[in-house]
Amino acid sequence: MNESESGHSWLSLGGTATVAWTERLRRFPWSLLLLLLLTIFFGFGVLYSAVGGENNLWLFWRQVIQSAFGIGIMLTVSLLAGEKVYRRFSYLFYSGSLLLLAVTMIMGSVGMGARRWLEVGFFRLQTSELMKVALILALARYFHDHAKAGSLGWRDLGVPFLMILCPMAFIIKQPDLGTAVLLAGVGLSIVVVAGISWKVLLTMVIVLGASMPLAWNGLHTYQKQRIITLFSPERDPLGSGYHIIQSKIAVGSGGVTGKGFMAGSQSQLDFLPERHTDFIFSVLAEEWGFLGGVTLLVLYALLIFRAFLIAEMANDRFGLLTVVGATMLFAVQVVVNVGMVLGLLPVVGVPLPLISYGGSSMVTLMIAMGLLAHVSLYSRQHGRSV
Amino acid sequence: MLDDDREQFRGDARRRLLLVGGCLGAGFMVLGGRLFHLQVMRGGEYRTLAEDNRISLKPIFAPRGRIFDRENRALVENSPDFEVVVVPELAGPLRMLFKRLGRHIDLSEEEVKHLLQQARRQRSFLPLRVKSHLSWEEVSSIEVRIHEFPGLDLQSQSVRYYPFDSLACHVLGYLGEPSDGDRKRFSRITFRSGDQVGKSGVEQHFEELLRGREGVLEMEVNAVGRHVRELHRNPPESGEDLHLSIDFDLQKEAQEAMGEEIGSVVAMDPNTGEILAMVSTPSYDPNQFIRGFTHAQWQALSTDPDRPLINKAHQGQYPPGSTFKIVVALAGLSTGKLDPREQVHCGGFLLKEEQRFYCWRRHGHGSVNLIQALTQSCDVFFYKLAERLGIDAIERQAHKMGLGGVTGVDLDAERPGLIPSRAWKRKMFKASWYPGETLITGIGQGYVLTTPLQLASMMATVANGGTVYRPSLLRLEPGQAPDVMSRNNFSVHHLELMRQGLEAVVHDPTGTAAKARLEGGIRAAGKTGTSQVARHRREKSGQIIKSTNEKLQDHALFVCYAPLDRPRIAVAVIVEHGGHGGSAAAPVAKRVMDRFFTKYGSSS
């Protein structure tokens, strides 16, 4: 069915299939790229300190290469694809990702007690990373195709909820609570923006709250432990409370201006585990203090704000919802990671976007950013101020 | 599409974006606020914790709960033990350290290898136990040179001590390094290097009670890791003490009475199910598990064919032999298929389907009624009774008396024994039940298996008039009701008949257990049993040719209770390859009961 005739599309480009290269470059959201680069460079500084003290500087250089690769991917995703490519392949991509998750479940390789990776030739594919992007595109497509004025009731939400819950089930089983929470957050925010009825949303919030005890029983023992520990880390200071206590000391002792670059005693003296990945924010907070921490939070906020502007200008619902999903993928990780480091949320393995060491998380985020730029690129109101 | 529709979507989406953005904004505000709280408001506080000093957390181990007998005599205590630990992070190259340490303490190449492996697995700032149970020479040798070894520390720790060595070792159990299974089972416990966990007995069963909760010492340490001062001490919660129902004197008497024999003794209070003594022989010394074994010692202990590590009281499964006749007799009485006055002729064997089922007495018992049949343990009487009852009725009665299933005693890995049934046989052998099998089941042979604990419980059930209590290894507190597993509705008349028959076993001149007669004229009721280990060869005349191989000798069993009128103790004894119950097992039970009555008096 042709989009422009179907009446499903929100704002149609009226068959404008190609945009000239120069036009693409002109329309590219350079300010978004600039913000991303700033954040990434900011991250280099923190990471250098986190791994520089010991002979792990190669980790830093690897991260530099991975970041460059990430930028490349972002440009590719945004500039090279035609307008409707992502919408067209979204379901296929989703199905493929779900299948890969299932395959991972059966024959994935085990690392640190979890089954998360598929060995593909010489590298390990973390299939849940693919799913993050796939879910965003598939949900956006669904609500694009099933647009409905007013509010979406229970009946309209059955399929999208299945689309969210299926991969979550696989990922919880791995177990990878962090990614599962992420998918839930991203999925839910797309549903909210797509037009869930307020009544349904309220009911869901209430039911979710009421079913907490049930969910509690479904958790692994170590996961329960983490949540218990969150509220009283002193109960198990050498075990699961260790991260939280040490992280709080590191952050707190940073004070207003911090202890200076590579001068964080907590971080440098090996008291902070996983300090170059999930707990990198405490290195930042210890060495650069409140000013450093807030600077990064502001950078993130600007990025998110810029992304919301793109959403607002999107041509159609697919674009709008894709941007919302990609932005939330980013934002939820920031909130969960920093919340965890500051002892506000349970310790789940979620990296700090663009700062934590790690290739797969970087690539996934840059694909998401690429989608964002892509939508911006094809937005007809480009350049119009809001 | 209509323009106003489009506009409606647009407006709606904008509102919703605002909502999501608002939520995010609030989230960021919370994060910023928390950052402000930690860094600006409480920054000074944290800085003193972290600035030039760091906090080192040291576990303080909780003393494990002690274990007492029913009269508060300590059967398991804790005693101090020195060990040397090292914090790898502070120590420099470990291999070098171990080499230098080797001049002062005994460290084998193998141990060093194991330690290096361990060091790779755990966090480098956590102490690694280098060697425990240091001798006094080793302790003093290290103590004077401790400054030469940064990161090294001598610690005294309390270890398990079993003052009476092998006494009640199977009840108490021993400790060992946690296995993967233990880690899974006690997922709430964080095990540390060198930690120990109960591996058998009550040490295992009550692990979580006994263990307590470790405390933690927060120390301020300077840049080279030297402790500056104690900041905070989170005291450990010691484990709970256990008060066992075991009576030390009875336990000792029973163990001594068994001597070198292999087998088991269980003594129980028939009115509560409390276990007064539980012996399994041969025994071992649980202290040895603390000190550690040489390979050869462990090899010898774990592969000993007499299986000293097994608690035969609840894990040894034996054919109950004639002690099972109690069950068959009660089944006959309660179903009304046995008239107590009925006389049955025993001519030495019963012929059924061309097969001879022999009585233990070659020439037969002549004409016997129920009481006589119990007294003299006539097999033919019980063949006929079993035949009349059928296997189903026998199975039902046995289950009602707690046989063929776990008793629920406070010990892990209890074995259920076996009461055969048609369904069981169909499942196991894919064959139907043969009538002949009912006959041999009637005298406790064939497939029937029971544990000594079940037999003691069965006797307690007869003694107390039909209540099956859960055998308890914990002393009941005053006013605490015992756990009841099930109740039998024996009629008073039937119980009286059983009492008469079982009394005659001990006190009648023709009874099989004259050796169980107690001192001081206390009357007891009992039943002997002999359970066949190997099929005996017989001559044509029916004469048994016993093998001279000791391992093919029959097991001797005896179950009993006393005093007759108000039973206060029930005992089951099994002596592996002991021959006859009356001669090998009854004297053991007699000694235990004599000790009981000299201690507690004959009247209640």
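Residues numbered from 1 in each chain as written. Chains lettered and ligands numbered in written order. Predicted model: local features only at pLDDT ≥ 70, side-chain atom pairs only at ≥ 80, totals over all residues. Heavy atoms only, no water.

Bringing the overall build of chain B into the picture now. Regarding its fold elements, chain B presents 22 helices and 23 strands. The proportion of buried residues among the 604 residues of chain B is 53%. Taking as baseline every contact in chain B between residues at least 6 positions apart, the subset at least 24 positions apart corresponds to 71%. Counting only carbon and sulfur atoms, one obtains 50% of the accessible surface of chain B, whose full area is about 27,600 Å². (Helix = DSSP H or I, 4+ residues; strand = E, 2+ residues; numbered from the N terminus. Buried < 20%, exposed > 50% of the residue type's maximum accessible area, 1.4 Å probe, protein only. Contact = heavy atoms within 4.5 Å. Areas by Shrake-Rupley, 256 points an atom, 1.4 Å probe, with all protein chains shown as cover.)

Another aspect to go through is the packing of aromatic side chains. Note on aromatic pairs: each is described by the distance of the centres and the angle between the planes. For the structure on display, the rule yields 28 aromatic pairs over all chains. Each ring, one from Phe289(B) and one from Trp298(B), has its centre 6.0 Å from the other, and the planes form 80 degrees; the classification is edge-to-face. Between Phe381(B) and Phe382(B) the ring centres are 5.2 Å apart and the planes differ by 70 degrees, which places this aromatic pair in the edge-to-face class. Here Phe381(B) and Phe382(B) have matching classes, each one buried. Here the basic side chain of Arg141(A) rests over the ring of Tyr91(A), its NZ or CZ set 4.5 Å away from the ring centre. Over the face of the ring belonging to Trp198(A) we find Arg16(B), whose NZ or CZ atom lies 4.3 Å from the ring centre. (Phe/Tyr/Trp six-rings, centres within 6.5 Å; stacked < 30°, edge-to-face > 60°. Lys NZ or Arg CZ within 6 Å of the ring centre and 35° of its normal.)

One finds Met74(A), Phe143(A), Phe281(A), Phe330(A) and Met366(A) to be the most contacted residues of the largest nonpolar core, which totals 120 residues. Not counting residues within four places of it along the chain, the set of residues in contact with Met74(A) comprises Phe28(A), Leu32(A), Leu33(A), Leu36(A), Met366(A), Met369(A), Gly370(A) and Ala373(A). (Core = buried A, V, L, I, M, F, W, Y, C linked by side-chain atoms within 4.5 Å.)

Attention now goes to helix α11 (residues 248-258) of chain B. All names here are of chain B. Across the 11 residues that make up α11, a large majority, nine, are buried. Taken residue by residue, α11 has Phe248, Asp249, Leu250, Gln251, Glu253, Ala254, Gln255, Ala257 and Met258 as its buried positions. The inward-facing, buried residues of α11 abut β3 (74-86), β11 (263-268), β12 (275-281), β23 (569-575) and α22 (581-600). With a side-chain oxygen positioned 2.8 Å from the backbone nitrogen of Asp249, the residue opening α11 is Asp247. Gly259 lies just past α11 and shows a positive phi near 55 degrees. (Polar contact = N/O pair within 3.5 Å; in protein donor to acceptor, adjacent residues only side chain to side chain.)

All right, on to the pattern of salt bridges then. Residue and element names in this part refer to chain B. Tallying each qualifying case throughout the model produces 42 salt bridges over all chains. Put simply, Glu207 and Arg64 hold a salt bridge, and the shortest N to O gap is 2.8 Å. With Glu207 in helix α10 (residues 207-211) and Arg64 in the loop between β1 (54-60) and β2 (67-68), this residue pair connects regions lying 143 residues apart in the sequence. Side by side, Glu207 and Arg64 carry an identical accessibility label, which is buried. Glu253 is the salt-bridge partner of Arg595, the closest N and O atoms lying 3.6 Å from each other. Here the residue Arg595 occupies a position in helix α22, and Glu253 occupies one in helix α11, the gap between them amounting to 342 residues. (Salt bridge = Lys/Arg side-chain N within 4 Å of Asp/Glu carboxyl O.)

Let us now look at the side chain of Asp176(A). Residues and elements named next belong to chain A. One can find Asp176 in the loop between α7 (154-173) and α8 (177-194). Here Thr179 takes part through its side chain, which lies 2.7 Å from a polar atom of the side chain of Asp176. Each residue touching Asp176, except ones within four places of it in the same chain, is listed here: Arg116, Gln126, Ser128, Ile171 and Gly349.

Residue and element names in this part refer to chain B. Across the sheet, which stays open at both edges, the five strands sit in the order β12-β11-β23-β22-β19 with antiparallel pairing between neighbours. Sheet topology places β12 and β19 (525-531) at the edges, where each strand pairs with a single neighbour. Sheet twist, expressed as the average angle between the axes of neighbouring strands with direction ignored, equals 5 degrees. Two elements, β11 and β23, share six bridges in a ladder whose sense is antiparallel. (Pairing = 2+ DSSP bridges. Axes fitted to C-alpha atoms, helices over the stretch in contact; angles between N-to-C directions.)

Let us look at the environment of Leu97(B). Residues and elements named next belong to chain B. With respect to the secondary-structure elements, Leu97 resides in helix α4 (residues 94-101). The exposure class of Leu97 is buried, given its relative accessible area of 2%. As for Leu97 and Leu152, which are separated by 55 residues in sequence, their C-alpha atoms are 9.4 Å apart. Non-local contacts of Leu97, meaning those with residues more than four positions away in its chain, are made with Val86, Ala91, Phe149 and Leu152.

We now examine the confidence of the model for chain A. All names here are of chain A. Looking at chain A as a whole, the pLDDT averages 83, with 84% of positions reaching at least 70. Put simply, helix α1 (residues 3-6) is where chain A has its lowest mean pLDDT, 39, and helix α15 (residues 317-341) is where it has its highest, 94. Confidence over residues 1-17 falls short of pLDDT 50; this stretch has 35 contacts with residues more than four positions distant or in other chains. Low confidence marks residues 382-386, where pLDDT is under 50. Its contacts with residues over four positions away, or in another chain, come to six contacts. (pLDDT = per-residue confidence, 0-100.)

Another point: the packing of helix α15 (residues 325-335) of chain B against helix α20 (residues 452-464) of chain B. Residues and elements named next belong to chain B. Running from amino to carboxyl end, α15 crosses α20 at an angle of 40 degrees, the nearest separation of the two axes being 11 Å. One way to sum up the angle between α15 and α20 is to call them oblique. Crossing hand, α15 versus α20: left-handed. Touching Ile326, Val327 and Leu330 of α15 are Met458, Met459 and Val462, all from α20. Looking at the contact of α15 with α20 residue by residue, the class counts come to six nonpolar, no polar and no charged. (Parallel < 35°, antiparallel > 145°, perpendicular 65-115°, else oblique. Left-handed = near helix turned anticlockwise from the far one by under 90°. Nonpolar A, V, L, I, M, F, W, Y, C, P; charged D, E, K, R; others polar.)

As a further point, take a nonpolar patch on the surface. On the surface, Val256(A), Leu291(A), Phe36(B), Val40(B) and Met41(B) cluster together to form a nonpolar patch covering roughly 430 Å² of accessible area. In terms of residue count, helix α1 (residues 3-41) of chain B provides more of the nonpolar patch than any other element does, three residues in total. Looking at the secondary structure, you find Val256(A) in the loop between α12 (242-254) and α13 (265-268). (Patch = residues over 30% accessible without salt bridge, like charges linked within 9 Å, V, L, I, M, F, W, Y side chains within 5 Å.)

Before going further, it helps to examine the confidence of the model for chain B. Residues of chain B with pLDDT of at least 70 account for 92%, and the chain-wide mean is 88. At the level of chain-chain contacts, confidence expressed as ipTM amounts to 0.88, with global pTM at 0.59.

In this section: the state of the cysteines. Two cysteines form a disulfide when their sulfur atoms are joined by a covalent bond. All names here are of chain B. The tally for this structure, following the rule as stated, stands at zero disulfides over all chains. Free of any disulfide, Cys378 has its nearest cysteine sulfur in Cys346, 3.6 Å distant. The exposure class assigned to Cys378 is buried, which follows from its relative accessible area of 0%. (Disulfide = S-S within 2.5 Å.)

So, about unusual backbone geometry. For the bond running from Gln174(A) to Pro175(A), omega is -5 degrees, close enough to zero to count as cis. Considering the arrangement of structural elements, one finds Pro175(A) in the loop between α7 and α8. Of note, the bond from Thr281(B) into Pro282(B) is cis; its omega dihedral lies within 30 degrees of zero at -5 degrees. Structurally, the position occupied by Pro282(B) is in the loop between β12 and α12 (287-291). The backbone of Asp165(B) shows a phi angle near 50 degrees, a positive value even though the residue is not glycine. Within the secondary structure layout, Asp165(B) lies in the loop between β5 (152-161) and α7 (169-172). With relative accessibility at 40%, the residue Asp165(B) sits in the partly exposed group.

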